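Chain by chain, the residues:
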Amino acid sequence: MNKTKLYWTLQFGGWLTFALGQIIVFQTTSRTQIIFWLLEAAVFLVFTHLFRNFIIRRRWLDLKMNKLIPQIMLAVFILSFVVYGARLLISIPLRIYDPTVAWSPETVFGLAAVYGLIFFMWSVLYFIYHYFERYNLSLQHEAATNEIVLNNLKSQLNPHFIFNALNSIRALVDENPKKSKNAITQLSNILRNSLASNRARLTKFEDELQTVKDYLGLESIRYEERLKTEFDIHTDSYNFLVPPLMLQTLVENGIKHGISKLKEGGAIDMKTFVYDNRLKIQIRNTGELETNGVLKKEKEGLGLRNTAQRLSLLYGEEATFKIFNESENVVLTELVIPKHN
C-alpha cells in the first residue's frame, strides 16, 4: 500500500471509529445525534487534512523539537476553537443548537480543551509515523552508502587504479618532480574523500567537484593528450549539496567504458545548470552506450545502479538520473538534484 492510500485509509478509518465510539459510549439511538457525530467526525477529517497540508507547506517535519512543539501547541489551540465553531454550524440545520448552552464559557472552553487534546493526539501520531519512516529510510541509506563505499574501494578505487596512478607518479618523479608532488596530493585527496564518504550523506558540490578534478588530473597523466576535459559550472551550483563520490563515479564510468576503449581517446565535459531550486549536472564523454538509457544488472557497472539507488533513497521522485547516447560517439549522463537542507 502506497503512502497516500495508507494515509486516507487511516484518516477515514480513524475518524469513523471516533464517531462510532461516541455512539456506543453514549448509547445513542437518536438519528439526529448519530448524524451530528458523523458530521463532527467529517469536520475533524477535513481540518486534520488541511492541517497536514499546512505542516508540509511550512516544512514543520524538518523542524527540531524546541521549535516544533510551540508551533504545534499554537496551531492546536487555534484549531480547537475553529472546530468548535464548525460544530455550531452543523448543529443549526439539525435543530440541536441551543445558544444558552453553546456560548456558555464552560461549554466553549470545555469542548475546546477536548478538541485541542484530540488534535494534539492526532499531531503526535502523525509526527511519530513520519519520524519512524525517516529513521527507516536513514537506515536504508546507511546500508546503501556502506555498500557504495565498499564498491568504490574495491572496484572504482581498486588496486589496479592505484597501481596505474603510482606508476604514472613514479615516472614523473625524475622527469617533473613538481608535477609528481601535485599528483601525489591528488591521489591522497581522492583516497581521503573515499574513506570519509561513509560519514556523510551529502557533501558540498565544491568538494565533490574538486574530487572529480583530482581524479581527472591523475588520469591525464596516464592518457596524456588522449584525455581532454572541460568544465562549465554555474556559480549557484556551489550552494548545493550532493551525494559524496557520485560525480567521481560517473566521470570514471565515462572514462572506463568510453574513452579508454578508443585509440584516439576523447573528452570529458561537465556542465551545470540551476533552476527552480534544482541542480542539473550534465557529464558528456566520448564513446557509445550499448544499453541506451537502461540500467541492466548484467550490462551496467555497479556505479550506475548504485547511483540510481542512492538518489532514490535520498530524494525519492524529486531527483532524476538518465544516461543515453546524445549523438554519435557522445554519451550524456544527466542528474537533476533538488536543494536539500
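For the structure, see preceding data.
The model shown is predicted, which means the values in this text are computed figures rather than measured ones.

Things to note about the overall build of the protein chain
So, point 1. From N to C terminus, the protein chain includes ten helices and seven strands.
So, point 2. Within the protein chain, the proportion of its 341 residues that are buried is 42%.
So, point 3. Intrachain contacts of the protein chain at a sequence separation of at least 6 include 73% that bridge at least 24 residues.
So, point 4. As presented, the protein chain carries roughly 19,800 Å² of accessible surface, and 58% of it is formed by carbon and sulfur atoms.

Some details on the sheet that holds strand β7 (residues 330–338)
So, point 1. Strand order across the open sheet formed by five strands is β2-β4-β5-β7-β6, with mixed pairing between neighbours. Each edge of the sheet is formed by a strand with only one pairing partner; in this case those strands are β2 (227–232) and β6 (320–327). Pairwise comparison of adjacent strand axes, ignoring direction, gives a mean angle of 15 degrees for this sheet.
So, point 2. Strand direction decides the pairing type here: strand β4 (residues 266–275) and strand β5 (residues 278–286), joined by eight bridges, are antiparallel. If you follow Thr272 over to β5, its bridge partner there is Ile281.
So, point 3. The sheet contacts of helix α8 (residues 205–223) involve β2, β4 and β5, and relative to β2 the element is tilted by about 160 degrees.
So, point 4. Packed on one face of the sheet, helix α9 (residues 246–257) meets β2, β4, β5, β6 and β7 and runs near 20 degrees to β5.

With respect to the pairing of β7
So, point 1. Counted residue by residue, β7 has eight buried out of nine residues, so it is predominantly covered.
So, point 2. The sheet contact formed by β5 and β7 spans nine bridges and is antiparallel. Counted as the bridge partner of Arg284 is Leu332 from β7.
So, point 3. Direction of pairing for β6 relative to β7: antiparallel, over a ladder of seven bridges. Directly across from Thr320, in β7, lies its bridge partner Val336.

Looking at the pattern of salt bridges
So, point 1. With the rule as written, the count across this model stands at four salt bridges.
So, point 2. A salt bridge links Asp232 to Lys271, with the shortest nitrogen-to-oxygen separation between them at 3.9 Å. One end of the pair, Asp232, is in strand β2; the other, Lys271, is in strand β4, with 39 residues separating them in the sequence.
So, point 3. With a closest N to O distance of 2.7 Å, Glu326 and Arg284 form a salt bridge. In this pair, Glu326 is assigned in strand β6 and Arg284 in strand β5, connecting sequence segments 42 residues apart.
So, point 4. With relative accessibility at 23%, the residue Arg284 sits in the partly exposed group.

Considerations on the layout of surface pockets
So, point 1. Its volume calculated, the largest pocket comes out at about 1,800 Å³.
So, point 2. As for the largest pocket, its lining consists of 43 residues, and the residues nearest its centre are Lys3, Leu61, His130, Glu133 and Arg134.
So, point 3. Listed by contribution, the elements that provide at least two residues to the lining of the largest pocket are α1 (3–25), α2 (31–57), α5 (105–156) and α10 (302–315).

Side note on the packing of α2 against helix α3 (residues 65–91)
So, point 1. Between α2 and α3, whose axes approach to 10 Å, the crossing angle comes to 145 degrees. Seen from above, α2 lies across α3 with right-handed handedness. Taken together, the residues of α3 that come into contact with α2 (itself represented by Phe36, Leu39, Glu40, Val43, Phe44, Phe47 and Phe51) are Ile72, Ala75, Leu79, Val82, Val83, Ala86, Arg87, Ile90 and Ser91.
So, point 2. Its residues placed into classes, the contact of α2 with α3 shows 13 nonpolar, one polar and two charged.

Definitions and cut-offs
- Residues numbered from 1 in each chain as written.
- Predicted model: local features only at pLDDT ≥ 70, side-chain atom pairs only at ≥ 80, totals over all residues.
- Heavy atoms only, no water.
- Helix = DSSP H or I, 4+ residues; strand = E, 2+ residues; numbered from the N terminus.
- Buried < 20%, exposed > 50% of the residue type's maximum accessible area, 1.4 Å probe, protein only.
- Contact = heavy atoms within 4.5 Å.
- Areas by Shrake-Rupley, 256 points an atom, 1.4 Å probe, with all protein chains shown as cover.
- Pairing = 2+ DSSP bridges.
- Axes fitted to C-alpha atoms, helices over the stretch in contact; angles between N-to-C directions.
- Salt bridge = Lys/Arg side-chain N within 4 Å of Asp/Glu carboxyl O.
- 1 Å grid on protein atoms, 1.4 Å probe; cavity = no way out; pocket = protein on both sides within 12 Å on 5 of 7 lines; lining within 4 Å.
- Points joined across faces, edges and corners; volume = space filled by probe spheres on them.
- Left-handed = near helix turned anticlockwise from the far one by under 90°.
- Nonpolar A, V, L, I, M, F, W, Y, C, P; charged D, E, K, R; others polar.

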